[in-house]
Amino acid sequence: MKKIEKGKLFLKQNLDIFSCPFCHENINALENNSLICDNQHVINLNKKGTVNFLTHSQKGDYDSKEMWHARRNILQKGLFDKIIEEILKEMPNEKVNLIDVGCGEGTPLVKLTEKRPQFKDAMVGFDISKDSINLATDNQKDIFFCIADLANLPFATNKIDAIIDIFSPSSYKEFNRVLSDKGKVYKIVPNSDYLKELRSLLYDKSSEHATYSNQKVVELFFENYPQAQKKEIKYKFKLTDDDFLDLLEMTPLKWGASDEKIADVKQHPLNEITVDVVLLIS
Ligand SMILES: C[S@@+](CC[C@H](N)C(=O)[O-])C[C@H]1O[C@@H](n2cnc3c(N)ncnc32)[C@H](O)[C@@H]1O
Ligand SMILES: [Zn+2]
């Protein structure tokens, strides 16, 4: 099936979970290759079978094709597989309408859907980065990927049963608007030992980047969801030299380091890395 036909099929079957990002009314029709809301706003599908729901031009920090290819390589190798397993254990054993906010190049969502084929979930991944969504639309799964802003969700009120947020920002006001009565947020936040070996290669002990605390992010989650659960997930992941280069390319952790430092670190590949995160469930 052509990408545009695949996209149209998904939208036709799941039109009720979307809403207009301009006026927040329902999307009531898919005509030719366009979504049309109750107020006649028109949003076009492109040939990749996806939609840009941004109401004005916005550029994220993550617009780099190289970064997204590197992230895909290492995620496909399994860097986050144990994280995805833990999320799966917590998900309900029934069909859900699910969104992955800040989904990046899409591998986590592809891996998630592969483990739940029996439920025929309606799965949507979106990101503000066009490069990431371009790559995400390559997948053959029944997942709809689109460009959108998590602070202005193009989803209908009370329609979403699962919000997956893996290392991405959150907008709890919007999350709470779209969540159904039984809906839950599954948020992954790095802990202080996340990629610690790489952190200590990149930064001296005196650097502000030498340590990381998730305290504020976790506190904000509990302010919004006082009954939330917290699950620690910590493991080591083996790296080949190529994996190490992909890891270095894909992580925002290096954004505070100089080019000279990064060039130097490339000469000292690690053969193992710590993944240390917390799973928060509302
Ligand atoms: C660390 S990356 C994580 C990507 C993906 N979840 C993964 O684990 O590979 C954070 C992501 O959040 C996205 N992001 C940041 N602000 C956003 C916004 N306002 N709306 C949608 N996505 C956003 C970035 O473009 C980036 O893809
Ligand atoms: Zn509208």
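These numbers come from a predicted model, not from an experiment.

Trainee: Explain the site of ligand 1 to me, please; I cannot follow it from the model alone.
Mentor: Neighbouring ligand 1 are 18 residues; Arg71, Gly102, Asp127, Asp149 and Ile166 lie closest to it. At 2.6 Å, a side-chain N or O of Asp127 approaches an oxygen atom of ligand 1. A per-element tally of the shell around ligand 1 places helix α2 (residues 65-76) first, with three residues. Split into classes, the residues belonging to the shell around ligand 1 amount to eleven nonpolar, four polar and three charged.

Trainee: Help me understand the UniProt feature "domain: Methyltransferase" (unreviewed entry) in the chain, please; the structure alone is not making it clear to me.
Mentor: The sites that UniProt annotates as "domain: Methyltransferase" (unreviewed entry) are residues 94-235. The span residues 94-235 is 27% helix and 30% strand, and its two end C-alpha atoms sit 29 Å from each other.

Trainee: Sorry if this is basic, but what is going on with the pattern of salt bridges here?
Mentor: Pairing between side chains of opposite charge can happen when their charged atoms approach one another. Applying the stated criterion across every chain, the model contains 17 salt bridges. Asp243 is paired through a salt bridge with Lys77; the nearest N and O atoms lie 2.6 Å apart. Of the two residues, Asp243 is situated in helix α9 (residues 241-250) and Lys77 in the loop between α2 and α3 (81-90); the sequence distance between them amounts to 166 residues. Ionic pairing is found between Arg177 and Glu174, a salt bridge with its closest N-O pair at 2.8 Å. Here the residue Arg177 and the residue Glu174 both occupy positions in helix α6 (residues 172-178), the gap between them amounting to three residues, near one helical turn. One network of salt bridges, with partners in common, ties together Glu86, Lys89, Glu90 and Lys231.

Trainee: How do you make sense of the pairing of strand β10 (residues 272-281) when you look at a structure like this?
Mentor: Along a regular strand, successive side chains alternate from one face of the sheet to the other. Among the ten residues that make up β10, nine are buried, leaving the element largely enclosed by the rest of the structure. Where strand β8 (residues 179-190) meets β10, five bridges bridge the pair, whose relative direction is antiparallel. In the sheet register, Tyr186 faces β10, and the bridge partner there is Ile281. Relative to β10, strand β9 (residues 229-238) is paired through ten bridges, and the arrangement is antiparallel. Within β10, the position partnered with Lys230 by the bridge is Leu280.

Trainee: Whenever I open this one, the environment of Asn152 confuses me. Can you help?
Mentor: Examined against the element boundaries, Asn152 turns out to sit in the loop between β6 (143-147) and β7 (160-166). With a relative accessible area of 17%, Asn152 lands in the buried category. Put simply, Asn152 and Phe175 are 23 residues apart on the chain and 9.7 Å apart in space, counted from C-alpha to C-alpha. Apart from residues no more than four positions distant in its own chain, Asn152 is found in contact with Pro21, His24, Thr55 and Glu174. Within the structure, the side chain of Asn152 is placed 3.1 Å from the backbone oxygen of Pro21, a separation counted as a polar contact.

Trainee: Sorry, what's going on with the pairing of strand β4 (residues 97-101) here?
Mentor: Counting buried positions over the five residues of β4 gives five, a clear majority of the element. Taking every second residue as pointing to the same face, both faces of β4 are buried, with Asn97, Ile99 and Val101 on one and Leu98 and Asp100 on the other. Relative to strand β5 (residues 122-127), β4 is paired through five bridges, and the arrangement is parallel. Residue pairing in the sheet places Asp100 in a bridge with Gly125 of β5. In this fold, the crossover linking β4 to β5 by way of helix α4 (residues 107-114) has right-handed handedness. Alignment of β4 against β7, held across three bridges, turns out to be parallel. Across the sheet, Asp100 pairs through a bridge with Ile164, a residue of β7.

The rules behind each value
Residues numbered from 1 in each chain as written. Chains lettered and ligands numbered in written order. Predicted model: local features only at pLDDT ≥ 70, side-chain atom pairs only at ≥ 80, totals over all residues. Heavy atoms only, no water. Near = heavy atom within 4 Å. Polar contact = N/O pair within 3.5 Å; in protein donor to acceptor, adjacent residues only side chain to side chain. Helix = DSSP H or I, 4+ residues; strand = E, 2+ residues; numbered from the N terminus. Nonpolar A, V, L, I, M, F, W, Y, C, P; charged D, E, K, R; others polar. UniProt positions renumbered as here; feature names shortened; annotations may be inferred. Salt bridge = Lys/Arg side-chain N within 4 Å of Asp/Glu carboxyl O. Buried < 20%, exposed > 50% of the residue type's maximum accessible area, 1.4 Å probe, protein only. Pairing = 2+ DSSP bridges. Contact = heavy atoms within 4.5 Å. Right-handed = clockwise from strand over helix to strand, strands pointing away.

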